[in-house]
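# Coordinate inspection notes
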Amino acid sequence: MAYIEPAPIKDKENPFESMMSRFDIAARALGLEDQVYNVLKNPVKQVVVSLPITMDEGTIEVFEGYRVIHSNILGPSKGGIRYDMDVHLDEVKALAAWMTWKCAVVDIPYGGAKGGIKCNPRQMSAGEVERLTRAYTQSMIEIFGPDRDIPAPDMGTGPREMAWLMDEYSRARGMTVNAVVTGKPLVLGGSLGRTEATGRGVMVSTLTAMEKLRLNPSRSNVAVQGFGNVGSYAALLLEERGLKVIAISDLSGAYYNKNGINIKETIAYRDTHNGSLEGYGGTEKIHGDDLLTLEVDIIVPAAKEDVITIHNADNIKAKLIVEGANGPTSAKADAIINSKGIMVAPDILANAGGVTVSYFEWVQNRLGYKWTAERVNRRSDRIMKDAFDNVYRTSIEYNVPMRIAAYIVAIDKVAKTYKFRGGF
Ligand code: NAD
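Report follows, based on the coordinates. (Residues numbered from 1 in each chain as written. Predicted model: local features only at pLDDT ≥ 70, side-chain atom pairs only at ≥ 80, totals over all residues. Heavy atoms only, no water.)

### Concerning the sheet that holds strand β5 (residues 149-153)
Strand pairing within a sheet occurs via backbone hydrogen bonds; the two strands may be parallel or antiparallel. What counts is decided by this rule: Paired strands, as defined in this entry, are two strands with at least two bridges between them according to DSSP. Each helix corresponds to a stretch of at least 4 residues labelled H or I by DSSP, and each strand to a stretch of at least 2 residues labelled E; elements are numbered beginning at the N terminus. Lines fitted to C-alpha atoms define the axes here, with helix axes fitted over just the stretch in contact, and angles between the N-to-C directions of these axes take values from 0 to 180 degrees. In what follows, residue pairs with any heavy atoms lying within 4.5 Å of each other are defined as contacts.
Within the open sheet, the five strands sit side by side as β1-β2-β4-β3-β5. Their pairing is mixed. Whereas interior strands pair on both sides, the edge strands pair on one side only; in this sheet they are β1 (45-54) and β5. Looking at each pair of strands side by side, their axes are set apart by 20° on average, direction ignored. Packed onto the sheet, helix α4 (residues 126-139) meets β1, β2 (60-71), β3 (77-83) and β4 (111-117) and runs at close to 140° relative to β1.

### A word on the packing of aromatic side chains
Any two aromatic rings considered together are summarised by their centre-to-centre distance and by the angle between their planes. Under the convention used in this document: Pairing of aromatic side chains here covers Phe, Tyr and the six-membered ring of Trp, requires ring centres within 6.5 Å, and sorts the geometry by plane angle: under 30 degrees stacked, over 60 edge-to-face, intermediate tilted. Ring-over charges, as used throughout, are those where CZ of Arg or NZ of Lys falls within 6 Å of the ring centre and within 35 degrees of the ring normal.
Taken as a whole and judged by the stated rule, the model has nine aromatic pairs. Clustering of aromatic rings is evident, with ring pairs tying together Tyr110, Tyr359, Phe360, Trp362 and Trp371. Above the ring of Trp371, the side-chain terminus of Arg379 is found at 4.7 Å from the ring centroid.

### What about the packing of helix α6 (residues 194-213) against helix α7 (residues 229-240)?
The criterion, for reference: Roughly parallel refers to an angle under 35 degrees, roughly antiparallel to one over 145, roughly perpendicular to one between 65 and 115, and oblique to any angle outside these ranges. Take the far helix as your reference; a near helix turned counterclockwise from it by less than a right angle gives a left-handed crossing, and one turned clockwise gives a right-handed crossing.
α7 packs onto α6 with a crossing angle of 50° between their chain directions and a minimal axis gap of 7 Å. Considering their axes alone, α6 and α7 lie oblique with respect to each other. The two elements α6 and α7 cross, and the hand of that crossing is right-handed. Residue-level contacts link Thr195, Glu196, Thr198, Gly199, Arg200, Val202, Met203 and Thr206 of α6 to Asn229, Val230, Tyr233, Ala234, Leu237 and Leu238 of α7.

### Re helix α13 (residues 402-421)
Inclusion rule: For a helix, the expected span equals 1.5 Å multiplied by the number of residues minus one. Type-normalised accessible area, obtained with a 1.4 Å probe on protein chains alone, sets the label of each residue: buried when under 20%, exposed when over 50%, and partly exposed for intermediate values.
An ideal rise of 1.5 Å per residue puts 28 Å on 20 residues; α13 measures up with 29 Å between its terminal C-alpha atoms. Those residues of α13 that sit buried are Met402, Arg403, Ile404, Ala405, Ala406, Tyr407, Ile408, Val409, Ala410, Ile411, Val414 and Ala415. One or two positions beyond α13, positive phi appears at Gly422, with a value near 80°.

### Some points on helix α5 (residues 159-173)
The end-to-end C-alpha distance of α5 is 21 Å, a good match for the 21 Å that 15 residues give at a rise of 1.5 Å each. Residues of α5 that are buried in the fold lie against β3, α4 and β5. Once α5 ends, the next one or two residues include Gly174, with phi positive near 75°.

### Overview of the nonpolar core
Nonpolar side chains tend to gather and get buried jointly when the protein is soluble and globular. Defined as follows: Here, nonpolar core refers to any group of buried Ala, Val, Leu, Ile, Met, Phe, Trp, Tyr and Cys residues whose side-chain atoms link them within 4.5 Å.
Counting residues in hydrophobic clusters, the biggest one holds 88 residues, and the most contacted among them are Leu40, Trp101, Ile248, Ile263, Val300 and Ile411. A per-element tally of this core places α13 first, with eleven residues. Beyond its immediate sequence surroundings of up to four residues, Val300 is in contact with Val202, Val222, Ala223, Val224, Gln225, Leu238, Val322 and Gly324. Listed in part, the 28 residues of the second largest apolar core include Ile53, Val129, Phe144 and Met166.

### Thoughts on unusual backbone geometry
Even without a glycine there, the phi angle at Asp107 is positive, about 65°. Its location among the elements puts Asp107 in the loop between α3 (89-105) and β4. Taking relative accessible area as the criterion, Asp107 reaches 52% and is therefore assigned exposed. Backbone geometry at Asp306 places phi at a positive 55°, although glycine is not the residue there. On the accessibility criterion, Asp306 (7% relative accessible area) is buried.

### A word on the pattern of salt bridges
Where we set the bar: One side-chain nitrogen of Lys or Arg within 4 Å of one carboxyl oxygen of Asp or Glu is enough to make a salt bridge.
Summed over the entire model, instances satisfying the criterion amount to 31 salt bridges. Here Arg82 and Glu305 are joined by a salt bridge, their closest N and O atoms 3.9 Å apart. One end of the pair, Arg82, is in strand β3; the other, Glu305, is in the loop between β10 (298-301) and β11 (320-322), and 223 residues separate them in sequence. Considered together, Arg82 and Glu305 belong to a single accessibility category, that of buried residues.

### Description of the packing of α3 against α13
Here is the rule: Here the nonpolar group is Ala, Val, Leu, Ile, Met, Phe, Trp, Tyr, Cys and Pro; Asp, Glu, Lys and Arg are the charged ones; every other residue, Gly included, is treated as polar.
Where α3 meets α13, the axes come as close as 8 Å, and the angle between the chain directions of the two elements is 90°. Judged on the interaxial angle alone, α13 and α3 are roughly perpendicular. From α3, Trp98, Thr100, Trp101, Ala104 and Val105 reach across to α13, where they touch Ala406, Tyr407, Val409, Ala410, Ile411, Lys413 and Val414. Looking at the contact of α3 with α13, its residues break down into ten nonpolar, one polar and one charged.

### Considering the sheet that holds β11
Read from one edge of the open sheet, seven strands run β9-β8-β7-β6-β10-β11-β12, paired in mixed fashion. Looking along the sheet, the strands with just one partner apiece sit at the ends: β9 (284-286) and β12 (343-345). On average, each strand axis in the sheet is tilted by 20° relative to the strand beside it, whichever way the strands run. By the bridge criterion, five bridges tie strand β6 (residues 221-225) to strand β7 (residues 244-250) in an arrangement that is parallel. Of the residues in β7, the one forming a bridge with Gln225 is Ser249.

### Quick look at the pairing of β7
For clarity, the cut-off: We call a crossover right-handed when, viewed with the strands running away from us, the connection from the first strand over the helix to the second turns clockwise.
Where burial is concerned, most of β7 is hidden: six out of the seven residues are buried. As a crossover connection, the stretch from β6 through α7 into β7 is right-handed. Here four bridges tie β7 to strand β8 (residues 253-256), and the two strands are oriented antiparallel to one another. What sits directly across from Ala247, in β8, is Tyr256. Counting the residues that bridge the hairpin from β7 to β8 gives two residues.

This is the structure in structure tokens:
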């Protein structure tokens with residue numbers, strides 16, 4: 001279910017430049033000194049490795065793997081690993097920096113990192129994916145570590161890959177080190193609540209934003225793009241809180257019903273149909289791209305980057321966009337969205353629920369103690385709500401959109417910490 005097909009590239013802006021343009025605006029608003037700006041702009045480490053893997057039929061294929069540590073100023077770096085044919089260094093750099101800002105926005109003691117392997121796991125056997133994951137871990141053995149750099153799942157990876165990574169790392173160290181990675185299966189020290197954590201954070205961000213916009217959940221509707229881990233849990237939890245989910249989508253297309261879609265049912269359908277919504281009845285099938293421009297109160301892009309662009313931003317009718325995915329809005333589309341008065345709960349805030357519960361998993365591993373789901377959810381809901389309120393206050397104080405406010409909160413925290421720690 002965590003797997004995603006190679007995503008089509010549409011109007012792809014350079015994701016690193018896209019992130020940097022927002023960073024620049026926030027840095028200026030904050031009056032960040034040039035020297036600190038330069039420190040925060042550049043990733044501290046970029047690693048590219050070649051991974052020769054023996055495939056099942058005996059041939060050897062070479063895969064390219066990446067790990068970028070953007071910052072370790074606030075603490076060990078943290079970030080997911082994606083398996084996707086579209087992964088490239090620039091994308092990993094952008095996602096690593098996003099992780100720095102995301103951890104800082106929700107005030108957890110981590111820096112930011114990201115990794116990836118250019119591969120198509122759907123066309124590989126479990127054995128091939130395992131060998132690839134173990135080879136990648138071996139190549140990164142001096143990079144990873146519970147006090148250095150802590151990976152997690154992202155597109156195309158899940159608990160299975162994290163278990164292999166933890167095992168490979170532990171073998172190399174000669175002891176069980178479960179805090180080296182998060183998003184593990186529960187029996188290996190995974191946290192209760194981790195699977196649904198990002199979708200849950202999207203739900204908390206949506207409801208907190210709705211309070212500010214005075215939108216009543218029981219009279220509001222929402223369209224969710226992407227029906228994987230983030231999208232399906234966000235849809236389910238929003239439905240449970242009274243919102244009507246009128247459209248959902250995945251790679252097979254978008255499914256629309258103005259009277260609302262039963263999300264429990266669609267999840268069950270997906271789980272028994274190869275992870276896809278293809279053929280789901282009781283809805284009208286519409287073009288995937290049309291979901292974002294529906295007549296709807298809220299849209300939740302929870303699939304991939306660069307889906308809201310200068311080509312469709314003007315046609316968006318929602319009052320609120322809650323970014324479940326990383327980088328779903330291109331930098332050039334920001335101005336259009338802002339001029340229309342649409343509130344955006346930006347990715348580095350809205351999808352930080354996952355990293356928050358990852359942090360809880362690491363804390364529990366280090367304590368050697370397991371929290372209840374109730375404790376995990378209560379603590380993560382509070383962190384998400386406090387973070388949203390802080391960003392909202394900052395957006396009013398600086399008179400800037402929520403996205404820039406989130407960057408201001410994050411950059412300010414990392415810059416202040418850097419100044420206290422000092423450099424060479
Ligand atoms: P996933 O692989 O579980 O699901 C992705 C979903 O998006 C699938 O349903 C897929 O069919 C669909 N999709 C892909 N391209 C699409 C398109 N063009 N139109 C419509 N649907 C499309 O992935 P995920 O873990 O849910 O991650 C989704 C996004 O959220 C990514 O940007 C990821 O970086 C981000 N994110 C995930 C987490 C997490 O904890 N899983 C945390 C933070 C951010």
